Amino acid sequence: MSTQARLEADMKNAMRERESGKFRLSVIRMVRASIKNAEISERRELTEEEVFGILAKEVKMRRDSFEEFSKAGRKDLADQAQQEIEILADYLPAPLTGAEIRELVTEAIKETGAAGPKDMGKVMSVVTPKTKGRADGKEVSALVKELLSISN
């Protein structure tokens, strides 16, 4: 079952649950709207990877919100952002481990023939599609930078 089909089925279940499903329903509706907007702007149906990218972007926005709300002492809003993250994370593929990310980056460095930090863009263009929605871009970027500076 595709992610979009799962979202639709879960939305229907949340509607049936009435009061207990309202929060989940609002989160699912929001992410489905984001996907639909992307499809309208692209004028085509999105691939599964593109849907994962949108989901990852939504999770990242909520993580940023969580941090800001926590700093501001707004526990209520921070808790809400955390709950939204947990709901959205159900639809993302399993996150990559540090070893798996390191392996992907090492392969990309070999594949592109990168020789130093100046080749970071080449490596990132190969690694990013493979890690989209499964790893934090900042972590991947830091690892690429680290491995390229070692290989120098």
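Once that is clear, we can look at the pattern of salt bridges. Scanning all chains against the criterion turns up 15 salt bridges. Across the salt bridge formed by Asp 10 and Arg 24, the nearest N and O atoms sit 4.0 Å from each other. Here Asp 10, found in helix H1 (residues 3-16), pairs with Arg 24, found in helix H2 (residues 22-42); they are 14 residues apart in sequence, far enough to count as distant. For Arg 24, a relative accessible area of 26% gives the class partly exposed. The salt bridge involving Arg 62 is made with Glu 58; its shortest N-O contact spans 2.9 Å. Residue Arg 62 and its partner Glu 58 are located together in helix H3 (residues 48-71), separated by four residues, close to a single helical turn. Under the relative-accessibility criterion, Arg 62 is labelled buried at 11%.

Another aspect to go through is the nonpolar core. Grouped together as the largest cluster of nonpolar side chains are 20 residues, with contacts concentrated most on Leu 7, Ile 35, Leu 46, Leu 55, Leu 88 and Tyr 91. Where this core is concerned, the elements lending two or more residues are H1, H2, H3 and helix H4 (75-89). Ranked by the residues each element gives to this core, the list is headed by H2, at six residues. Among residues more than four places away in sequence, those in contact with Ile 35 are Gln 4, Leu 7, Leu 46, Val 51 and Ile 54.

Criteria and thresholds
For every chain, the first residue of the written sequence is number 1, and numbering continues from 1 onward in sequence order. Since the coordinates come from a predicted model, pLDDT governs what is reported: local features require at least 70, and pairs of side-chain atoms require 80 or more to be given and counted, while whole-chain, interface and lining totals use all residues. Excluded from the side-chain calculation are hydrogens and water; included are all heavy atoms of the structure. Salt bridges, as used here, are contacts in which a Lys or Arg side-chain nitrogen is within 4 Å of a carboxyl oxygen on Asp or Glu. What counts as a helix is a DSSP run of H or I of at least four residues, what counts as a strand is a run of E of at least two, and both are numbered from the N terminus. When accessible area is computed with a 1.4 Å probe and restricted to protein chains, residues below 20% of their type maximum are described as buried, those above 50% as exposed, and intermediate ones as partly exposed. Residues belong to one nonpolar core when they are buried, are Ala, Val, Leu, Ile, Met, Phe, Trp, Tyr or Cys, and are joined through side-chain atoms within 4.5 Å. Here, residues are in contact when the closest pair of their heavy atoms is within 4.5 Å.

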